[in-house]
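# Fold and contact review
Residue strings, one per chain:
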Amino acid sequence: MKRLLFFLTLLIVCGGCSKYKSPEPVALRCEYRYNPIGIDVTTPRLTWEMSDTVRGACQTAYQIMVATTPELLEKERPNIWNSGKVRSAQSVLVPYGGPALESGKRYYWTVRVWNEDNVKTDYSQPAFWEMGKLSRGDWQAQWIGLRDTISDMTVRFPSCRSLSYYKRFTVPADKKVQSARAYMTALGGYTFDMNGERVNREFFSPGWTNYAKRIQYVTYDISDRIQNGENIISGMLGNLWTYGFKKNFDNEMTLRMFGQVEITYTDGSKQVIATDTSWKMAPSAITFNTFYDGETYDARIDMTDYDNDIKWVNARYLPNFNVELDAQNDEPVKAHEELKPVEINKLPNGDYVLNIGQNIAGVYRLKVKGTAGQMITLRFAEVLHEDGSVAQENLRYAKATDNYICKGTGELEEYVPTFTFHGYQYVQISGLKEAPTAETFTAIATYSDMEFLGEFECSNNLINKFYQNTKWGHKGNFISVATDCPQRDERLGWLGDAQVFMPTANYNARTGGFLTKWTRDMRDSQTPEGYVTDIAPPMDWVSVAAPAWGDAVTLIPWELYRSTGDKGILEQNYNLMKGWVDFMIHESKDNLYIFESRKRPGDYGYGDWVPVDMSPSRPLSQIYFHVSTEILSKAADILGKRDDAAYYKALLPKIAEMFHKTYFEEEAQNYVGHTQCANVLPYWFGLVPDEWKEKTLQNIIDNVVAKNYHPTTGFYATAYLLPILSETGHHDMAWKLASQRTYPSWLYMVEHGATTIWELWNSDQEPPESMNSRNHYAYGTVVAWYYGYLAGIRPIEKTPGYKKFTIDPMPADGLQYVKATVPSEYGLIKSAWTHDGKQYTFDMTIPANTTANVSVPVTEKSQVSESGKVLIDNGKRKSGNKYVKPLKIENGRAYFEVAAGEYQFTINN
Ligand code: BGC
């Protein structure tokens, strides 16, 4: 009705003029999330997308209104903040500019924008964010547990028993709930039910942080879960990341929780039920749980016998436990894809082995009918032995075994593990009395709930499979922190693996919330000396980070900045980056930094990890010293820290010079090691003096040819090998490598059964008990080349976040089509091309409020048209139009500046 009225008014006012308002902004996000509740960012940043699809759509001004109710927004009477009309093109991460925000309050907001013709849109549908707890005074809760001393053996690790808890409270009959919230946390983790129904649908809350410093809490809207009369809060506590073979935290800590339920009644009164010693606790039905080893659930144990005073005892205060409490601002871990077994085999010993067809990280739903006490054991693995049983050798100390002990009701029983997950494709089930069916077991992938909006497809199915494998690797390793692998006795936040994968991750998904949180874990791991460790959150056995690992603290914020334009991430992490670089400066002599392990003298770092051709690891110190110093100097510049910017910038030529002097072998005209890596890393990161660039490139090419077009690189050089070749006129060689099928190559993995990315180029050949994971994402970095070169979508550093970006698709011989979608904060970017043997067609979508530098391949004879209009004829530029401006023809490509919108370029040669 409102719309109809609006158009009627428009008709009257305009008298039928053609100009009408463009559609209102959509996809409103606050701190990277849709309608987040319980955040503690005091100046939240707001993002919206213009939904206008007309060519040239861009924002010239915006107006934001913030109010305590949506009705006030509807009436255009915002009682919190009205930005007024702000002449600005910024639509990404615009800081809230109103008065100080209050704990626990919900803020509704809306935005309208003025387009390129200064025509304003309607206001958007309202969105909201809700504040969490901003000060310690907002909490009445206390940390509670069963025991605080290590002498108690009933709940102390390593018994690994989970605890149950409950608390009864009454809501008077005459009260009506206006709103209710729960703020919950635990060490390690919790489940939370209200009146017998699960509230937290996410997994592994409150997520992994450096527990010695910080624990997150999570906010739940439970307004419709409270009833008049008696209510029961209940749940379980489990170990999650607090216990395991790799010592994450003080293993002597007992499980503990902290939380409060707050109810506001319609009469304005409030009731708070906070954790204290009136809460009851007891060992739970999960009789064993660790991430690595698995979970045992005894369904016979009834945890609803709340009046059993022998079982349930009062919780105790754990007074000497004081850590920072922060809101969980990132996306929680959630259940995503469900997969059914594609194969079920019976082993001679009566066990069944189920193949879900895909290596994943996650849980599952088991549905069985059993007798009371019947134990069903599930053992998880990525691969099988020759006899068809699960091969767990590569999980090392991780037992990856769950037990479900049936209640025996005669009904179908259902079980989903709570405090464990596994990295697996196969599960071996013993203890079943009947053969499993497809209904018995459903695999459930769990990972941090970021938006996976990136897509890539081409006419080569092996490449498509590799792409999908990389996405699965990404999902399985982004579980609260980015990990090396999700299955063996590791699953740790190894920084090196993550930094090199981050450009790929940012093409695949919106990682802003996740990385904002994880970089805080990195800050929490920085030592007073300034160094960080290889892993965040840290382990007690790690020391100064190795080159390429520690440098994640500069590279990861920088990658997020490049793909979203988020200056905040640079600001938040500036001291982290600076501390790390200053540490390297302090450790260097005459501008030469050589990392040497403090724990293992003579160890110069992990180097270009697990390559085919070993490269000396020592040069990586200097290369990454340069990388981090360069990023720091750029960050300083962006943040207006002129002195720092100048100081660190001035170091760069000195570091580069020292690198060349130390590691270049004049006689061989090659960098020490003479491998692909030895030349790729200094070339890509700009440490090679001008006069040696050509030769260094030639060294790379010669090596690739000598290796018969195979990559022989490790985790790091692999990421840059193809981009270097494509950028220097050797795209055909890059494609030859990318489509290579014999060992070592990406597609070799695919053709040998990989469904994720292997840790080693030859994981199928290495002994199973060695370091040999089937789900390490590092070799998946070639996917950034799929998006960035085959489809050609790349951010431009000077206009970060895709405000202005590049679409330089590079067709390859043997490919008939490519299509890719990349998420930007402005909306989806698309680039697709087809080649029918004669004509190339390039389709692209440039989101509203962005522009692109487009280029397409041409010959001297090419005719290039866009949507039927000839822009280049016989190799000569013609005049363009408002939206597509031909710029130049250079090195076989025609360049255009293109406004927002959808375009189709056709090229006839
Ligand atoms: C991990 C790697 C990690 C490495 C450090 C391994 O055990 O799985 O991916 O980066 O250790 O060398």
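Just so it is clear, the model here is predicted, and its values are computed rather than measured.

Calculation notes
Residues numbered from 1 in each chain as written. Predicted model: local features only at pLDDT ≥ 70, side-chain atom pairs only at ≥ 80, totals over all residues. Heavy atoms only, no water. Near = heavy atom within 4 Å. Polar contact = N/O pair within 3.5 Å; in protein donor to acceptor, adjacent residues only side chain to side chain. Areas by Shrake-Rupley, 256 points an atom, 1.4 Å probe, with all protein chains shown as cover. Nonpolar A, V, L, I, M, F, W, Y, C, P; charged D, E, K, R; others polar. Pairing = 2+ DSSP bridges. Helix = DSSP H or I, 4+ residues; strand = E, 2+ residues; numbered from the N terminus. Phe/Tyr/Trp six-rings, centres within 6.5 Å; stacked < 30°, edge-to-face > 60°. Buried < 20%, exposed > 50% of the residue type's maximum accessible area, 1.4 Å probe, protein only. Lys NZ or Arg CZ within 6 Å of the ring centre and 35° of its normal. Contact = heavy atoms within 4.5 Å. Expected span 1.5 Å × (residues − 1). Core = buried A, V, L, I, M, F, W, Y, C linked by side-chain atoms within 4.5 Å. Axes fitted to C-alpha atoms, helices over the stretch in contact; angles between N-to-C directions. Parallel < 35°, antiparallel > 145°, perpendicular 65-115°, else oblique. Left-handed = near helix turned anticlockwise from the far one by under 90°. Salt bridge = Lys/Arg side-chain N within 4 Å of Asp/Glu carboxyl O.

The environment of the ligand is formed by Asp484, Arg488, Glu490, Trp494, Asp497, Trp549, Tyr606, Trp609, Phe715, Glu759 and His776. The separation between an oxygen atom of the ligand and a polar side-chain atom of arginine 488 is 2.6 Å. Residue aspartate 497 places a side-chain N or O atom 2.4 Å away from an oxygen atom belonging to the ligand. Taking 310 Å² as the accessible area of the ligand by itself, protein coverage stands at 95%. Grouping the amino acids of the shell around the ligand by side-chain chemistry returns five nonpolar, one polar and five charged.

If you walk across this open sheet you meet the eight strands as S35-S42-S43-S44-S51-S46-S47-S48, and the pairing is antiparallel. Where the open sheet ends on each side, the last strands, each with one partner, are strand S35 (455–458) and strand S48 (876–877).

Judged by pairing direction, the sheet is mixed, and its five strands sit side by side in the order S2-S8-S7-S4-S5 without closing on themselves. Each having just a single partner strand, strand S2 (37–39) and strand S5 (81–82) make up the two edges of the open sheet. Where strand S4 (residues 61–67) and strand S7 (residues 106–114) come together, seven bridges link them in antiparallel fashion. Across the sheet, the residue bridging to isoleucine 64 is valine 111, located in S7.

With that out of the way, let us pick up the packing of aromatic side chains. Scanning the model with the defined rule gives 72 aromatic pairs in all. With 5.1 Å between their ring centres and 70 degrees between their planes, phenylalanine 685 and tyrosine 720 make a pair best called edge-to-face. Linking phenylalanine 685 in the loop between helix H11 (676–684) and helix H12 (690–706) with tyrosine 720 in helix H13 (residues 717–727), this pair joins segments that are 35 residues apart in sequence. We classify tyrosine 720 as buried; its relative accessible area is 10%. Against the face of phenylalanine 452 rests lysine 475, its NZ or CZ located 5.2 Å from the ring centre. Here the basic side chain of lysine 736 rests over the ring of tyrosine 709, its NZ or CZ set 4.0 Å away from the ring centre.

All right, on to the pairing of strand S43 (residues 827–835) then. As judged from the eight bridges shared by strand S42 (residues 817–824) and S43, these two strands associate in the antiparallel manner. Its bridge partner being in S43, proline 823 is matched across the sheet by leucine 828. With antiparallel pairing between neighbouring strands as the criterion, S42 and S43 make up a hairpin whose turn holds two residues. Hairpin connection from S43 to strand S44 (residues 839–846): three residues lie between these consecutive antiparallel strands, with glycine 837 at a positive phi of about 100 degrees.

As for its position among the elements, tyrosine 624 is in helix H9 (residues 619–638). In sequence terms tyrosine 624 and leucine 555 are 69 residues apart; their C-alpha atoms lie 9.8 Å from each other. Apart from residues no more than four positions distant in its own chain, tyrosine 624 is found in contact with Gln499, Ala548, Asp551, Leu555, Met584, Leu681, Phe685, Tyr716 and Tyr720.

Between its first and last C-alpha, helix H5 (residues 512–524) extends 18 Å over 13 residues, near the 18 Å set by a 1.5 Å rise per residue. Burial of H5 is extensive: 11 of the 13 residues sit out of reach of the surface. Among the residues making up H5, those that are buried are Gly512, Gly513, Phe514, Leu515, Lys517, Trp518, Thr519, Arg520, Asp521, Met522 and Asp524.

Burial runs high along H13: 10 of the 11 residues are buried. Looking at H13, one finds that the buried residues are Ala717, Thr718, Ala719, Tyr720, Leu721, Leu722, Pro723, Ile724, Leu725 and Ser726.

Our next topic: the nonpolar core. Counting residues in each nonpolar core, the largest one holds 218 residues, and the members touching the most others are Phe441, Trp518, Tyr624, Phe896 and Phe905. When near neighbours in sequence (up to four residues on either side) are disregarded, tryptophan 518 contacts Val481, Ala482, Gly493, Trp494, Leu495, Ala498, Met502, Ala536, Pro537 and Ile556. In this structure, Ala180, Ala186, Ile226 and Met257 belong to the second largest nonpolar core, which totals 29 residues.

Our next topic: the side chain of lysine 804. Residue placement: lysine 804 occurs in strand S41 (residues 804–807). In this structure the side chain of lysine 804 is engaged in a polar contact, spanning 2.7 Å, whose partner is the side chain of glutamate 897. What lysine 804 contacts, discounting residues up to four positions off in sequence, is Ile796, Thr799, Thr851, Asn853 and Glu897.

For the bond running from serine 205 to proline 206, omega is 10 degrees, close enough to zero to count as cis. Tracing the backbone through its elements, the reader meets proline 206 in the loop between strand S14 (197–198) and strand S15 (214–221). The step from tyrosine 743 to proline 744 runs through a cis peptide bond, and the omega angle for that step is -10 degrees. Looking at the secondary structure, you find proline 744 in the loop between helix H14 (731–738) and helix H15 (746–751). Despite not being glycine, asparagine 118 shows a phi value in the positive range, around 65 degrees. Structurally, asparagine 118 can be placed in the loop between S7 and strand S8 (127–131).

Turning to the packing of helix H8 (residues 574–587) against helix H10 (residues 642–663), a few remarks are in order. In a packed pair of helices, the relevant descriptors are the angle between the two axes and the axis-to-axis distance. Between H8 and H10, the least distance of the axes is 13 Å, while the angle of their chain directions is 40 degrees. As the angle between them shows, H8 and H10 are arranged oblique. Like other packed secondary-structure pairs, H8 and H10 cross with a definite hand, here left-handed. Contact with H8, carried on its side by Tyr574, Lys578, Val581, Asp582 and Ile585, involves Asp644, Tyr647, Tyr648 and Leu651 of H10 and no other residues of that element. Of the residues assigned to the contact of H8 with H10, the class counts are six nonpolar, no polar and three charged.

Moving on, we get to the pattern of salt bridges. All told, the structure shown has 46 salt bridges when counted by the stated rule. Among the ionic pairs, glutamate 130 bridges to arginine 181, the shortest N-O distance being 2.5 Å. Note that glutamate 130 is positioned in strand S8 and arginine 181 in strand S11 (residues 177–187), a separation of 51 residues in sequence. Classification of glutamate 130 by relative accessible area gives buried; the value is 1%. Exposure remark for arginine 181: the relative accessible area of 11% places this residue in the buried category. One salt bridge connects arginine 794 with aspartate 808, and the closest N-O pair in it is separated by 3.2 Å. Linking arginine 794 in strand S40 (residues 793–795) with aspartate 808 in the loop between S41 and S42, this pair joins segments that are 14 residues apart in sequence. Residues arginine 794 and aspartate 808 agree in their burial class; the two are buried. Each of the salt bridges in this network shares a partner with another, and the network as a whole consists of Arg29, Glu49, Glu451, Arg510 and Glu825.

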